[in-house]
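Overview (structure and organization)
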Amino acid sequence: MAKMTGYFDGASRGNPGEAGAGAYLADDEGNIIWETARPLGIKTNNEAEYNALILLLTAAKERGVSELIVRGDSKLVISQISRQWKINLPHLRTLAQKAWLISDGMNIQYEWIPREQNRHADKLSNDALDGNAV
């Protein structure tokens, strides 16, 4: 599979609190080819965002995606994973390193988008919190 676009979002009710991850992959026509809504247990919001990103990258790797545009509404995660910002917290650095390892060999472009443009991933992360795992 050549080029895809992936979206991710994490949510927690409380910080830390019950958390969920939502992510999906879409082809060039915007057709969703994979999606997930996964409960994560107790996590901070940033941990939930990173876990959603890791789920997305893993799904892309498993499907042989070589070029990926990754979009998310977490300025922190997008800026850290694209190495624009330093990662000061060791547990977030560990999650970023896991994401970098998974995505090794893939051509990835990270883009921050406003929350309104990330509605489906947001819905999936909240579905996970509501017990509607996909």
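Residues numbered from 1 in each chain as written. Predicted model: local features only at pLDDT ≥ 70, side-chain atom pairs only at ≥ 80, totals over all residues. Heavy atoms only, no water.

Most of strand β1 (residues 3-14) is tucked away: nine of the 12 residues are buried. Relative to strand β4 (residues 67-72), β1 runs parallel, the two sharing six bridges. Residue pairing for β4: T5 is matched across the bridge by I69. Where β1 and strand β2 (residues 17-26) come together, 10 bridges link them in antiparallel fashion. Note that in β2 the partner of G6 across the bridge is L25. Counting the residues in the hairpin turn of β1 and β2 gives two residues. (Buried < 20%, exposed > 50% of the residue type's maximum accessible area, 1.4 Å probe, protein only. Helix = DSSP H or I, 4+ residues; strand = E, 2+ residues; numbered from the N terminus. Pairing = 2+ DSSP bridges.)

Our next topic: the sheet that holds strand β5 (residues 107-112). Pairing is mixed across the open sheet formed by five strands, whose spatial order is β3-β2-β1-β4-β5. Strand pairing shows two members of the sheet lacking a second neighbour, β3 (32-43) and β5, which therefore form its edges. When the angles between neighbouring strand axes are averaged without regard to direction, this sheet yields 20°. Relative to β5, β4 is paired through six bridges, and the arrangement is parallel. Opposite V70, over in β5, you have Y110 as the bridge partner. Along the sheet, helix α1 (residues 45-62) makes contact with β1, β2, β3, β4 and β5, crossing β1 at roughly 155°. On top of the sheet, helix α4 (residues 119-129) reaches β1, β2 and β3; it is set at about 140° to β2, its chief contact. (Axes fitted to C-alpha atoms, helices over the stretch in contact; angles between N-to-C directions. Contact = heavy atoms within 4.5 Å.)

By themselves, these observations are geometric and do not establish any function.
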